[in-house]
Number of protein chains: 2
Amino acid sequence: MGQGLMSAMSKYDVLVVGAGVLGLSTAYHIKRENPERSILVLDKLGGPGQGNSAKSVGAFRNVFSSRTNFLLADSTIDFFTHVQEDLGHDLGLVFHGYLWLLSGRQYRRQEENFKEMSRRGVELRTWEREDLRRMIPDLVTEFEEGDEEAEVMGLEPVERGLQGVKCGSIDADRLVRFYEEEFRRLGGEVRYNVEVKRLILKPERELGLPGEPFVWQDASVKGVETVRGEEIYADRVVVAVGAWANTLLNPIGLDAFMRPKKRQVFVFKDERLERLFHSEGFNKEGVVPLLILPKAGILIKPEVSEGALWIECADNLGRPFKLEDDPQPELTYYTGNLYHVVVKYLPCFRDVQPVNMWAGQYALNSIDKTPYVFEEAGMIYVGAGSGSGLMKCDALGRIAAALYAGEKEATLYGGRAFRVSDLSVKERRVERETFVL
Amino acid sequence: MGQGLMSAMSKYDVLVVGAGVLGLSTAYHIKRENPERSILVLDKLGGPGQGNSAKSVGAFRNVFSSRTNFLLADSTIDFFTHVQEDLGHDLGLVFHGYLWLLSGRQYRRQEENFKEMSRRGVELRTWEREDLRRMIPDLVTEFEEGDEEAEVMGLEPVERGLQGVKCGSIDADRLVRFYEEEFRRLGGEVRYNVEVKRLILKPERELGLPGEPFVWQDASVKGVETVRGEEIYADRVVVAVGAWANTLLNPIGLDAFMRPKKRQVFVFKDERLERLFHSEGFNKEGVVPLLILPKAGILIKPEVSEGALWIECADNLGRPFKLEDDPQPELTYYTGNLYHVVVKYLPCFRDVQPVNMWAGQYALNSIDKTPYVFEEAGMIYVGAGSGSGLMKCDALGRIAAALYAGEKEATLYGGRAFRVSDLSVKERRVERETFVL
């Protein structure tokens, strides 16, 4: 009887592996469009978004050179606003803006991109050096003649600031909880602390012979086996496990088209940073926008809920692509490396130690820096967020739900149409993102 | 003194990692164009092409749907002919042709491809079912009504044969030895049994501080460290290590854009196969062309030098992407899997056991099934052969040599121009190959 019940329970219409922001958004949108279907979400960790979603800095922007990335992020940001403003779920949204601090050379190289983005409807503001000096008195925009450090480090003076207005922060934890709660409210099921060991591939017409599937059999993913040996079957399996995707896909001969890349966050809260934090004139909160320094892709984000500044930097050339289950922050990566750039542009960080730090991993698609959503062997893959999965999560969930429904077009929040196959492998049609942090 | 000599010897103009067919072709073409430059080729194995080059079936074709793949292969085949006919090096070339055995459905699906290929100059011959029955009496083109096996296995009748004429076999071992010999003759140096442990990344302006390169330093690959601890430096490092590329690139944060995929070869020599081997009318040798069965991508190649038939099948859905240093053939993969398809179309294989077998690995780019040649961080990568690296080796070597020289265009053998950046990541311009075996 117990066995019978178990078997009955272990077959779902849809099984989503991964309760991060992409898995939960996908589960929610499939359930919303198919309320009668049984959908189970599994995650190896103990709660929603406890993998890399929770380790994100929770920043979002609609400033992308690629039209595809713009559509994905812009509509997702609109959805965030809708959830908070219309539905009354506090997602901790703050539109503090992003401010790219650019040398003259960098500005000129991207000028055509900026014009194209403006034409597309991206709200951008340009600040001249004098504006920046007035509004961010802590910022060094020019180095003194003979500043050897700046010269050795190849630091360029800041000539302009480019502000993305529809950019800010969201509380990633509240966001995943919103999707999880809505999904459950519709009758969706979520099980935590269940680690999937492998995808179960079976022939469409099973013969019950050893060695199946044979090369001449059409086979597809029918379910998963957990590390505890439980087999859970479903008509459709969605894999949304971020940086871990290759560990599930590669063993059955599928590629996740991304590599794991470590990113670290260092948290600063110190009276010496108060003035910088409260830089006025960029937004109604009167806080400094998320700053992107002109060197090494270093971000400094205001975390309004804590009155803190978060510094983030992703691994780059010289640091490995490597999957780690629990990547650790390296204090010396800040103190011995990023620090030297940070204090040159923002001397207020001098001698200030981080009060907290953590590390996570991007699932980086180095080719076009755009996510993948495709179906292969009966499995739907949503991934390769490439560092901007969170800010595109709602659009990606809708696109995956449209793929599940067999539709050619997804309707993004706000009504814009998106061709589902644009994010696939075989009919991929995206622009290589050139505006990378 | 010894130490001084060592240091002096350990700096080259160009260091090529990998003495497979892509590494040796690249080394040869760079040396040919720059005879004064010192070039060292390293390989962890004991001789040229001892990795996956030697494990290839040594077949070539110019039949590709992608214009890029066609250009790469067609010009390389012309070079093979030139080497054998004009230069007098016997490469064991045999133009036995490729013969795709196609169901009506398969033929119709590819019909536009065939027309486009013909327009491009690919010599194709179409054979009707009656021709095939006459010319290959061992071939079953239709299954009897009620043939349950054929039905269960989803085997379709063969309606047509499409023959690629400029297709055949080459002795892979002689080919790598040709490149190696010519390279040495020009003064190039090759060291075997030297395994590279890692690429050495250094800042452009070294400060001699611990922790270099820092995030603010421009860094590039300056050399390699071997597993024995020797450091070898060069102005330019070329990585052409096939399926092993990620083990060198990933640790410094670069992606090789491919996954290793096992392929197995089973060798048959038996009097029951004599008639099939000697199928007449397709080529001047009077041998059966390389056959591609309508199911599961199974190839059957005549190996004229041995009077044998080689059956090859690459891993597919359900079998892992996994790097193996010494992949082993699995007899049961033939006897319990491929065999059932083979004997349905070619009953002469019934109960015939392979007399030899081996396994190798493809470096598969699943996105567009086209190789990569690009420069990043001062390193030139030549790879992702995707199962057709050998038949494109000469073109890829010339393209890599043009990249080394800073030229925008490479001149392929025969004079056709090829835009070097077409095979890069950032300005990639290739067509997704749809005519895959």
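Just so it is clear, the model here is predicted, and its values are computed rather than measured.

Visitor: Even after reading the chapter, I still don't get the overall build of chain A, so can you show me in this structure?
Guide: Counting secondary structure elements, chain A contains 11 helices and 20 strands. Against the compact-globule benchmark of 22 Å for 437 residues, chain A has a radius of gyration of 23 Å, which places it among compact chains. Reported as C-alpha extents along the three principal axes, the dimensions of chain A are approximately 80 × 45 × 40 Å. Burial statistics for chain A: of 437 residues in total, 61% are counted as buried. For chain A, the share of sequence-separated contacts (at least 6 apart) that also reach a separation of at least 24 residues comes to 74%. Of the roughly 16900 Å² of accessible surface on chain A, 47% is carried by carbon and sulfur atoms. Taken as two groups, the 56 positive and 66 negative side-chain charges of chain A have centres that lie 3 Å from each other.

Visitor: Help me understand helix H10 (residues 331–345) of chain A, please; the structure alone is not making it clear to me.
Guide: The α-helix advances 3.6 residues per turn, and as a result positions three or four apart in sequence lie on the same side. Residue and element names in this part refer to chain A. Compared with the 21 Å implied by 1.5 Å per residue over 15 residues, the 20 Å span of H10 between its first and last C-alpha is a close match. Along H10, the sharpest kink reaches roughly 55°, centred on Leu 338. Where H10 is buried, its residues meet helix H6 (148–152), strand E12 (259–268) and strand E15 (308–314).

Visitor: Help me out: how do you make sense of the packing of aromatic side chains in this one?
Guide: Aromatic rings considered in pairs are described by the distance between their centres and by the relative angle of their planes. The tally for this structure, following the rule as stated, stands at 48 aromatic pairs over all chains. A ring pair is formed by Trp100(B) and Phe435(B), whose centres lie 4.9 Å apart and whose planes are at 50°; its orientation type is tilted. Linking Trp100(B) in strand E4 (residues 98–102) with Phe435(B) in the segment after strand E20 (417–419), this pair joins segments that are 335 residues apart in sequence. Here Trp100(B) and Phe435(B) have matching classes, each one buried. Considering the side-chain rings of Phe268(B) and Tyr334(B), the 4.9 Å spacing of their centres and the 55° angle between planes classify their relative orientation as tilted. In this pair, Phe268(B) sits in strand E12 (residues 259–268) while Tyr334(B) sits in helix H10 (residues 331–345), placing the two residues 66 residues apart along the sequence. Like Tyr334(B), Phe268(B) is buried. Through a chain of ring-to-ring contacts, the aromatic side chains of Tyr28(A), Phe79(A), Phe178(A), Tyr179(A) and Tyr413(A) assemble into a single cluster. Across the ring face of Tyr107(A), the terminal group of Arg160(A) is positioned such that the distance to the ring centre comes to 4.5 Å. The ring of Phe64(B) is capped by Lys392(B), whose NZ or CZ atom sits 4.5 Å from the centre of that ring.

Visitor: Would you explain the packing of helix H2 (residues 21–33) of chain A against helix H7 (residues 172–185) of chain A in this entry?
Guide: For any two helices packed against each other, the geometry comes down to the angle between their axes and how far apart the axes lie. Residues and elements named next belong to chain A. At a closest axis distance of 9 Å, the pairing of H2 and H7 adopts a crossing angle of 30°. Taken together, the axes of H2 and H7 lie roughly parallel to each other. Crossing angle aside, the handedness with which H2 passes H7 is left-handed. Residues Val 21, Leu 24, Ser 25, Ala 27, Tyr 28, His 29 and Lys 31 of H2 lie in contact with H7, whose contacting residues are Leu 175, Val 176, Tyr 179, Glu 180, Glu 182 and Phe 183.

Visitor: Explain the confidence of the model for chain A to me, please; I cannot follow it from the model alone.
Guide: Residues and elements named next belong to chain A. Residue-level pLDDT values for chain A average 95, and 98% of them are 70 or greater. Residue range residues 1–8 is modelled with pLDDT below 50. Its contacts to residues more than four positions away, or to other chains, number one contact. Of the two predicted TM-score estimates for the complex, the pTM is 0.95 and the ipTM is 0.94.

Visitor: What exactly am I supposed to notice about the environment of Pro260(B) here?
Guide: All names here are of chain B. Examined against the element boundaries, Pro 260 turns out to sit in strand E12. Residue Pro 260 is classed as buried on the basis of its relative accessible area of 9%. Through-space distance from the C-alpha of Pro 260 to that of Gly 88 is 35 Å; in sequence the pair is 172 residues apart.

Visitor: What is the right way to look at the relation of the copies chain A and chain B in this model?
Guide: The operation relating the two chain copies consists of a rotation about an axis and a shift along that axis. Mapping chain A onto chain B calls for a rotation angle of 180° and an axial translation of 0.0 Å; the resulting RMSD is 0.0 Å. This pairing of chains is accounted for by a two-fold axis. When C-alpha positions in chain A are compared against the rotation axis, the closest is assigned to Phe257(A), at 4.1 Å.

Visitor: I would appreciate a short explanation of unusual backbone geometry in the present structure.
Guide: Residues and elements named next belong to chain A. A cis amide bond links Glu 212 to the next residue, Pro 213, at an omega of -5°. Summarising the element assignment, Pro 213 is placed in the loop between strand E9 (196–203) and strand E10 (219–226). A positive phi angle, close to 55°, is found at Lys 369, a residue other than glycine. Of note, Lys 369 is situated in the loop between strand E16 (356–364) and strand E17 (372–376). Non-glycine residue Ser 386 carries a positive phi angle of around 60°. Along the chain, Ser 386 falls in the loop between strand E18 (379–383) and helix H11 (393–404).

Visitor: It is not clear to me how the interface of chain A and chain B should be interpreted in this structure. Could you clarify?
Guide: Often, the extent of an interface is quoted as the loss of accessible area on bringing the components together. At the interface, 41 residues of chain A touch 41 residues of chain B. Carbon and sulfur atoms supply 60% of the area buried between chain A and chain B, which totals about 3600 Å² over both sides. The interface formed by chain A and chain B contains four salt bridges. A salt bridge links Asp255(B) to Arg259(A); its shortest N-O distance comes to 2.9 Å. For the interface between chain A and chain B, the tally reads 17 residue pairs in polar contact (both at pLDDT 80 or more). For the side of chain A that touches chain B, the secondary structure elements donating two or more residues are H6 and H10 of chain A.

Visitor: Please clarify how the domain arrangement of chain A should be interpreted in this entry.
Guide: All names here are of chain A. For chain A, the assigned domains read domain 1 (2–57 + 173–258 + 368–423) and domain 2 (98–165 + 264–363). In this structure, domain 1 and domain 2 have C-alpha centres spaced 35 Å apart. Listed as interface residues are 15 residues of domain 1 and, on the opposing side, 16 residues of domain 2. Taking both sides of the interface into account, the surface hidden between domain 1 and domain 2 amounts to around 1200 Å²; carbon and sulfur atoms contribute 58%. Where domain 1 packs against domain 2, one counts two salt bridges. Between Lys 55 and Asp 326 there is a salt bridge whose closest N-O contact spans 3.9 Å. Seen at the junction of domain 1 and domain 2, the total is six residue pairs in polar contact (both at pLDDT 80 or more). For the side of domain 1 that touches domain 2, a count of residues per class yields six nonpolar, seven polar and two charged.

Visitor: Any chance you could explain the pairing of E17(A) here in plain terms?
Guide: Both faces of the sheet carry side chains from a regular strand, because those side chains alternate between them. All names here are of chain A. In the sheet, E17 pairs with E18 via five bridges, with the strands oriented antiparallel. In the sheet register, Tyr 372 faces E18, and the bridge partner there is Gly 383. Two successive antiparallel strands, E17 and E18, enclose a turn made up of two residues, where Ala 377 displays a positive phi of approximately 50°.

Visitor: Which parts of the structure should I look at to understand the sheet that holds E12(A)?
Guide: Note: strands within a sheet are paired through backbone hydrogen bonds, in either parallel or antiparallel orientation. Residue and element names in this part refer to chain A. Reading across from one edge, E5-E6-E4-E13-E14-E15-E12-E16 is the order of the eight strands in this open sheet, with mixed pairing throughout. The sheet is open, and its two borders are formed by strand E5 (124–128) and E16, each paired with just one other strand. For this sheet, the mean angle separating the axes of adjacent strands, direction not counted, is 20°. Bridge analysis of E12 against E15 gives six bridges, and the strand direction is antiparallel. The residue of E15 that forms the bridge with Val 267 is Trp 310. Against the sheet, helix H4 (residues 104–120) engages strand E4 (98–102), E5 and strand E6 (160–164), with an angle of about 140° to E4. Along the sheet, H10 makes contact with E12, E15 and E16, crossing E15 at roughly 100°.

Visitor: Which parts of the structure should I look at to understand the side chain of Arg259(A)?
Guide: If you trace the backbone, Arg259(A) turns up in strand E12. Only 3.2 Å separates the side chain of Arg259(A) from the side chain of Asn246(B), close enough to count as a polar contact. A polar atom in the side chain of Arg259(A) sits 3.5 Å from the side chain of Asn250(B). Once residues within four sequence positions are removed from consideration, Arg259(A) is found in contact with Phe321(A), Tyr362(A), Ala363(A), Leu364(A), Asn246(B), Asn250(B), Asp255(B), Phe257(B), Met258(B) and Arg259(B).

Visitor: How should the pattern of salt bridges be read in this particular structure?
Guide: Where side chains of opposite charge bring their charged atoms close, a pairing between them can arise. Residue and element names in this part refer to chain A. For the structure shown, the criterion picks out 92 salt bridges over all chains. With a shortest N-O distance of 2.7 Å, Arg 105 and Glu 156 are connected by a salt bridge. Residue Arg 105 is located in helix H4, and its partner Glu 156 is located in the loop between H6 and E6; the two are separated by 51 residues in the primary sequence. We classify Glu 156 as partly exposed; its relative accessible area is 21%. The closest approach of N and O atoms between Arg 177 and Asp 173, which form a salt bridge, is 3.2 Å. Residue Arg 177 and its partner Asp 173 are located together in helix H7, separated by four residues, close to a single helical turn.

Analysis parameters
- Residues numbered from 1 in each chain as written.
- Chains lettered and ligands numbered in written order.
- Predicted model: local features only at pLDDT ≥ 70, side-chain atom pairs only at ≥ 80, totals over all residues.
- Heavy atoms only, no water.
- Helix = DSSP H or I, 4+ residues; strand = E, 2+ residues; numbered from the N terminus.
- Rg over C-alpha atoms; globule rule 2.2 N^0.38 Å.
- Buried < 20%, exposed > 50% of the residue type's maximum accessible area, 1.4 Å probe, protein only.
- Contact = heavy atoms within 4.5 Å.
- Areas by Shrake-Rupley, 256 points an atom, 1.4 Å probe, with all protein chains shown as cover.
- Lys, Arg positive; Asp, Glu negative; His and termini not counted.
- Charge placed at Lys NZ, Arg CZ, Asp CG, Glu CD.
- Expected span 1.5 Å × (residues − 1).
- Bend = angle between axes of the 7 residues up to and from the residue.
- Phe/Tyr/Trp six-rings, centres within 6.5 Å; stacked < 30°, edge-to-face > 60°.
- Lys NZ or Arg CZ within 6 Å of the ring centre and 35° of its normal.
- Axes fitted to C-alpha atoms, helices over the stretch in contact; angles between N-to-C directions.
- Parallel < 35°, antiparallel > 145°, perpendicular 65-115°, else oblique.
- Left-handed = near helix turned anticlockwise from the far one by under 90°.
- pLDDT = per-residue confidence, 0-100.
- Least-squares fit on C-alpha atoms with pLDDT ≥ 70 in both.
- Buried area = accessible area lost by both parts, 1.4 Å probe.
- Salt bridge = Lys/Arg side-chain N within 4 Å of Asp/Glu carboxyl O.
- Polar contact = N/O pair within 3.5 Å; in protein donor to acceptor, adjacent residues only side chain to side chain.
- Domains from an automatic or database assignment.
- Nonpolar A, V, L, I, M, F, W, Y, C, P; charged D, E, K, R; others polar.
- Pairing = 2+ DSSP bridges.

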